[in-house]
Amino acid sequence: MATARTKAIRTGYLFVLPALLLLLGVLGLPALVSLLLSFRPEGGGGLSLEQYRFLLQDSLFHQTFWNTGLLVVLSVAAHLGLGLAVALALNLPLRAQPVFRLVALLPWVVPDVIAGIIWKWLYNPLNGALNDVLLRLGLLAAPLDWLGGRYLPLVSVILANVWRGFPFVMLILLAGLQAIPRERYEAANIDGATALQRFRYITIPGLRKMLVVSLALDTVWEVRRFGLIQAMTQGGPGSLTEILSTLVYKQYFKFFRFEYASAIAVVMTGVLLLVSLPYIRMISREE
Amino acid sequence: MARSEQRRGPMVALGGRQQRSRGRLRGLGPWPFRVLVYGFLLVVATYVLFPFAWMLSTALKTEAEALAIPPTWIPGEPTLDGITGIWVRKNFGVYFFNSTVVSLATAVLSVFFGALAGYGFSRFHFPGRQVLMGFFLATQMLPGVLLVGPYFKMLNAVGLYDTRTGLVIAFLTICLPFATWTMKGFIDGVPPEMDEAALVDGCSRLGVFLRIILPVLGPGMVATILFSFLLAWGDLLWALCLTTSENMITVTLGIARTVGEFRIIWPMLMAGSLLGGLPAILLYLFLQRFLVAGLTAGALKQ
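These numbers come from a predicted model, not from an experiment. (Residues numbered from 1 in each chain as written. Chains lettered and ligands numbered in written order. Predicted model: local features only at pLDDT ≥ 70, side-chain atom pairs only at ≥ 80, totals over all residues. Heavy atoms only, no water.)

**A word on the overall build of chain B**
No. 1: Within chain B one finds 14 helices and 0 strands.
No. 2: Along its sequence from the N terminus, chain B presents helices and strands in the succession α-α-α-α-α-α-α-α-α-α-α-α-α-α.
No. 3: Within chain B, buried positions represent 54% of all 302 residues.
No. 4: Put simply, of all contacts in chain B between residues at least 6 apart along the chain, 74% involve residues at least 24 apart.
No. 5: Surface accessibility of chain B: about 12,900 Å² in total, with carbon and sulfur atoms responsible for 68%. (Helix = DSSP H or I, 4+ residues; strand = E, 2+ residues; numbered from the N terminus. Buried < 20%, exposed > 50% of the residue type's maximum accessible area, 1.4 Å probe, protein only. Contact = heavy atoms within 4.5 Å. Areas by Shrake-Rupley, 256 points an atom, 1.4 Å probe, with all protein chains shown as cover.)

Structural data, given as structure tokens:
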């Protein structure tokens with residue numbers, strides 16, 4: 001009996017081992033190298049906190065950090081808001097539901113580089129479609145330079161990012177809505193609950209898990225976002241749309257400040273793991 | 001079998017609701033509400049589709065027309081110059097080949113090793129199982145920029161910089177954890193009795209995995225391969241940092257480079273975006289019913 005169990009345990013390890021070794025090699029090793037690199041002074045040997053000290057004083061890092069925060073918070077909030085609204089609408093008995101769900105998914109399906117390029121062209125001040133539409137509708141008096149000026153570039157990038165990201169949240173929440181047993185609504189109807197009460201006491205609790213999942217995954221993806229920004233603005237003009245991932249890329253591959261780039265990446269990783277910890281625990285615990 | 005398990009939740013709900021709407025004609029409520037809902041969905045559909053329409057329209061324009069002020073909405077004289085241009089003036093065929101080979105190799109490797117590990121996690125309750133599974137999940141949260149720098153140096157050191165093989169190794173970091181969790185979810189849906197029956201017949205554990213489990217997982221496995229394929233297909237960061245020559249770069253990098261050029265030929269770039277996005281769109285249309293199950297990695301189970 002005991003030997004059968006130890007044998008089963010060993011077999012379990014053997015199945016997991018190849019993937020684990022592969023993952024430790026292709027992922028664990030470079031992650032460790034980055035971590036070590038971030039504790040090295042520029043060009044020298046030994047260990048120091050120099051990079052992290054510099055990071056605290058670097059105004060470019062500060063701006064990038066806030067840009068990223070703003071991009072992530074606003075994008076995720078908009079994804080959830082719009083995603084929930086569309087999911088609720090699609091959960092009604094509509095004949096067009098399957099078609100609409102397919103169509104709404106399209107922005108999320110294309111590579112984010114391509115989404116960025118399409119929007120860059122849409123935003124083009126002279127030949128772009130957006131100014132043309134808004135001018136024709138009388139909503140704008142003069143063409144707007146969407147990716148220029150002080151505040152507009154980040155807003156424009158976020159707008160494109162909302163377009164690209166909300167379908168995923170919509171899809172997850174729609175699946176969550178459809179999994180809520182209909183009997184609960186019927187019982188509530190018999191008890192004379194108003195629509196608002198049904199939403200508050202049945203829909204929201206029923207969706208809680210899906211809300212957590214989409215919130216966590218979406219936040220992680222948006223913090224890591226790279227292709228969309230790289231294609232649209234490359235962090236410019238100046239550093240107005242610079243986000244952490246584009247900054248690390250620049251520091252490493254353009255300015256060759258390997259140690260400093262690593263320190264930024266390590267901070268970014270810390271934030272990501274903190275944000276996703278509740279999600280990881282929730283999912284792992286269910287097993 | 002795994003497939004029916006995965007599909008049960010949303011599909012049953014969908015079927016149930018359709019029946020209900022047929023039974024109760026006024027399911028959507030009074031007409032002002034109906035108008036409101038359809039109006040809202042129409043606005044959203046416009047937001048979603050307008051950029052695509054603009055891409056398509058530009059892809060079919062001549063360069064002169066694309067630069068017209070004010071812009072035209074429908075190409076005056078539709079042309080395929082943009083599409084042929086991207087194939088002739090850029091090595092788009094080569095990029096396409098690279099993207100396909102790299103993404104496919106990544107997907108198959110990740111799903112095979114992911115399925116092995118997924119089987120281990122699903123069937124054996126060994127000590128440290130939960131921690132290891134948490135580790136696999138946590139690696140999905142790491143940002144690419146943390147890894148890509150060391151990768152650049154490591155691949156250079158072993159002579160794999162600017163090769164498709166190097167890119168495949170790098171993409172495994174994204175796809176393997178994802179595939180492990182997804183495959184575990186699918187394997188959970190296969191009753192362990194099937195394993196035991198085969199074991200009694202004298203099959204080894206590996207034999208059970210290869211001959212019983214993998215065949216049953218068919219659709220789920222194909223779905224995971226295709227998702228992994230698309231994860232790799234959509235990447236820019238790794239291709240940008242780990243490849244450089246015209247013979248090795250991917251579609252996304254090829255397109256991104258075109259944006260960086262001094263003079264952007266928009267119809268060509270939009271044609272490239274169209275062609276680069278099309279495989280993803282087609283695969284997703286085909287796969288969308290697996291989408292939720294695959295992406296939430298078991299979180300959907302009720």
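**Topic: the overall build of chain A**
No. 1: Helix and strand counts for chain A come out as 12 helices and 0 strands.
No. 2: The secondary structure elements of chain A, listed N-terminal to C-terminal, are α-α-α-α-α-α-α-α-α-α-α-α.
No. 3: In terms of C-alpha radius of gyration, chain A reaches 24 Å, well past the compact-globule figure of 19 Å for 287 residues.
No. 4: With respect to the principal axes defined by its C-alpha atoms, chain A has extents near 80 × 75 × 30 Å.
No. 5: Looking at chain A residue by residue over its 287 residues, the buried ones come to 53%.
No. 6: If you take every contact in chain A between residues at least 6 apart in sequence, the share linking residues at least 24 apart comes to 68%.
No. 7: Carbon together with sulfur atoms contributes 68% to the accessible area of chain A, which is approximately 12,600 Å² in total.
No. 8: For chain A, the distance from the average site of its 24 positive side-chain charges to the average site of its 15 negative ones is 7 Å. (Rg over C-alpha atoms; globule rule 2.2 N^0.38 Å. Lys, Arg positive; Asp, Glu negative; His and termini not counted. Charge placed at Lys NZ, Arg CZ, Asp CG, Glu CD.)

**Some points on the packing of helix α5 (residues 112-122) of chain A against helix α13 (residues 251-259) of chain B**
No. 1: The N-to-C vectors of α5(A) and α13(B) enclose an angle of 25°; their axes lie 10 Å apart at closest approach. Relative to α13(B), the element α5(A) lies roughly parallel. Here α5(A) and α13(B) pass one another in a crossing that is left-handed. Together, A:V113, A:I114, A:I117 and A:K120 of α5(A) and B:T252, B:I255, B:A256 and B:V259 of α13(B) make up the contact between the two elements.
No. 2: Looking at the contact of α5(A) with α13(B) residue by residue, the classes come out as 6 nonpolar, 1 polar and 1 charged. (Axes fitted to C-alpha atoms, helices over the stretch in contact; angles between N-to-C directions. Parallel < 35°, antiparallel > 145°, perpendicular 65-115°, else oblique. Left-handed = near helix turned anticlockwise from the far one by under 90°. Nonpolar A, V, L, I, M, F, W, Y, C, P; charged D, E, K, R; others polar.)

**Observations regarding helix α4 (residues 81-88) of chain B**
No. 1: Buried within α4(B) are the following residues: B:G82, B:G85 and B:I86. One side of α4(B) holds all its buried residues, which, seen down the axis, span an arc of 95°. (Arc of directions from axis to C-beta.)

**Notes on the environment of B:A115**
Residues and elements named next belong to chain B.
No. 1: On the secondary structure map, A115 appears in helix α5 (residues 92-123).
No. 2: On a C-alpha basis, the gap between A115 and T243 in space is 29 Å, while along the polypeptide they are 128 residues apart.
No. 3: Residues contacting A115, with those up to four places away along its chain left out, are S110, M183, I187, F209 and L214.

**Side note on a nonpolar patch on the surface**
No. 1: On the surface, A:L14, A:L17, A:L21 and A:L24 cluster together into a nonpolar patch covering about 370 Å² of accessible area.
No. 2: Looking at the secondary structure, you find A:L14 in helix α1 (residues 2-38). (Patch = residues over 30% accessible without salt bridge, like charges linked within 9 Å, V, L, I, M, F, W, Y side chains within 5 Å. Salt bridge = Lys/Arg side-chain N within 4 Å of Asp/Glu carboxyl O.)

**Observations regarding the interface of chain B and chain A**
No. 1: Contacts between the two partners involve 105 residues from chain B and, on the opposite side, 102 residues from chain A.
No. 2: Contact between chain B and chain A buries roughly 9,400 Å² in total, counting both sides, with carbon and sulfur atoms accounting for 80%.
No. 3: Scanning the region where chain B abuts chain A turns up 0 salt bridges.
No. 4: Here chain B is connected to chain A by 12 residue pairs in polar contact (both at pLDDT 80 or more).
No. 5: For the side of chain B that touches chain A, the element with the highest residue contribution is helix α2 (residues 31-59) of chain B, accounting for 16 residues.
No. 6: Here the side of chain B that touches chain A is built from residues that sort into 79 nonpolar, 18 polar and 8 charged. (Buried area = accessible area lost by both parts, 1.4 Å probe. Polar contact = N/O pair within 3.5 Å; in protein donor to acceptor, adjacent residues only side chain to side chain.)

**A look at the pattern of salt bridges**
No. 1: If you walk through the whole model with that rule in mind, you get 10 salt bridges over all chains.
No. 2: Note that B:R257 and B:E246 form a salt bridge whose closest N and O atoms lie 3.6 Å from each other. Here B:R257 is found in helix α13, whereas its partner B:E246 is found in the loop between α12 (237-242) and α13, with 11 residues between them in sequence.
No. 3: Judged by its relative accessible area of 31%, B:R257 falls in the partly exposed class.
No. 4: Three or more residues joined by partner-sharing salt bridges are found here, namely A:D112, A:E222 and A:R225.

**Notes on unusual backbone geometry**
No. 1: The omega torsion of the bond from A:G236 to A:P237 falls at -5°, within 30 degrees of zero and hence cis.
No. 2: When you line up the elements, A:P237 lands in the loop between α10 (227-232) and α11 (244-253).
No. 3: Geometrically, the link from B:I69 to B:P70 is a cis peptide bond, its omega value of -10° lying close to zero.
No. 4: Relative to the elements of secondary structure, B:P70 occurs in the loop between α3 (63-66) and α4.

**Looking at the confidence of the model for chain B**
Residues and elements named next belong to chain B.
No. 1: Within chain B, residue pLDDT values average 83, and 86% of them lie at 70 or more.
No. 2: The least confident element of chain B, judged by mean pLDDT, is helix α1 (residues 2-23) at 37; the most confident is α12 at 94.
No. 3: Contacts of residues 1-26 to residues separated by more than four positions or lying in other chains number 28 contacts, the stretch itself having pLDDT below 50.
No. 4: Per-residue pLDDT stays below 50 along residues 297-302; that stretch engages in 14 contacts with residues further than four places along the chain or on separate chains. (pLDDT = per-residue confidence, 0-100.)

**Description of the packing of aromatic side chains**
Given two aromatic rings, one states the distance between the centres and the angle between the planes to describe the pair.
No. 1: Summed over the entire model, instances satisfying the criterion amount to 42 aromatic pairs over all chains.
No. 2: Consider the rings of A:F61 and A:F65, whose centres lie 5.8 Å apart with planes at 50°: the pair is tilted. Taken together, the residues A:F61 and A:F65, both in helix α3 (residues 59-90) and 4 residues apart, mark about one turn of the helix.
No. 3: For A:F65, a relative accessible area of 30% gives the class partly exposed.
No. 4: On the numbers, 6.1 Å between centres and 35° between planes, the contact of B:F121 with B:F126 is tilted.
No. 5: The exposure class of B:F126 is buried, given its relative accessible area of 4%.
No. 6: Linked through ring pairs, A:F226, A:Y249, A:Y252, A:F253, A:F256, A:F258, B:F152 and B:Y161 together constitute an aromatic cluster. (Phe/Tyr/Trp six-rings, centres within 6.5 Å; stacked < 30°, edge-to-face > 60°.)

**What to know about the environment of B:I265**
No. 1: As for its placement among the helices and strands, B:I265 is situated in the loop between α13 and α14 (266-295).
No. 2: For the pair B:I265 and B:C203, spaced 62 residues apart in sequence, the C-alpha separation works out to 61 Å.

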